[in-house]
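Spelled out, the chains give:
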Amino acid sequence: MMRNMVRDMGQALNIIGRFVKERDEERQSGKVKEKRDFLDVLLECRDDENEGSHKMSNHNVNVLVLEMFFAGTNYKQHPRMGNDRATPQT
């Protein structure tokens, strides 16, 4: 089970990495979007030379985007893991 999770997380990070790279290439080519989104802000933070020792890496950006994706995903947790009512209450 752990091996599958590591494999799947690696695949998810690769997908996110390609998406982030594509956006970064658009930014580098001078393509300007009318409205910035969360990824644009992360890439700006990564490129900010005033960040010093707190500078973000490409890996940090990829992980943050993946975590935001997971945070917005509605899932039902496995009953053996404890809470089996992970769906939002309305």
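Heads up: these notes are all about the structure in this document. This one's a predicted model, so the numbers in the text were calculated from it and none came from an experiment.

About the criteria used
- Residues numbered from 1 in each chain as written.
- Predicted model: local features only at pLDDT ≥ 70, side-chain atom pairs only at ≥ 80, totals over all residues.
- Heavy atoms only, no water.
- Helix = DSSP H or I, 4+ residues; strand = E, 2+ residues; numbered from the N terminus.
- Buried < 20%, exposed > 50% of the residue type's maximum accessible area, 1.4 Å probe, protein only.
- Contact = heavy atoms within 4.5 Å.
- Areas by Shrake-Rupley, 256 points an atom, 1.4 Å probe, with all protein chains shown as cover.
- Phe/Tyr/Trp six-rings, centres within 6.5 Å; stacked < 30°, edge-to-face > 60°.
- Salt bridge = Lys/Arg side-chain N within 4 Å of Asp/Glu carboxyl O.

Notes on the overall build of the protein
At step 1: Counting secondary structure elements, the protein contains three helices and zero strands.
At step 2: The linear arrangement of helices and strands in the protein, starting from the amino end, is α-α-α.
At step 3: Counting every position in the protein, which comprises 90 residues, the buried fraction comes to 18%.
At step 4: Long-range pairs, those at least 24 residues apart, make up 26% of the contacts in the protein between residues at least 6 apart in sequence.
At step 5: Here the protein has roughly 7600 Å² of accessible surface; of this, 54% comes from carbon and sulfur atoms.

A few points about the packing of aromatic side chains
At step 1: Applying the stated rule across the entire model yields one aromatic pair.
At step 2: Consider the rings of Phe-69 and Phe-70, whose centres lie 6.0 Å apart with planes at 55 degrees: the pair is tilted.
At step 3: Looking at Phe-69, the relative accessible area reads 53%, which means it is exposed.
At step 4: By relative accessible area, Phe-70 is classed as partly exposed at 37%.

Observations regarding the side chain of Asp-24
At step 1: Residue position: Asp-24 is located in helix α1 (residues 2-28).
At step 2: Not counting residues up to four positions away in its chain, the partners in contact with Asp-24 are Leu-43 and Arg-46.

Topic: the pattern of salt bridges
At step 1: Per the stated rule, a full pass over the model turns up eight salt bridges.
At step 2: With a closest N to O distance of 2.9 Å, Arg-7 and Asp-8 form a salt bridge.
At step 3: Two residues, Arg-46 and Asp-24, come together in a salt bridge whose shortest N-O distance is 2.9 Å. With Arg-46 in helix α2 (residues 38-47) and Asp-24 in helix α1, this residue pair connects regions lying 22 residues apart in the sequence. In this structure, Arg-46 and Asp-24 share a single accessibility class: buried.

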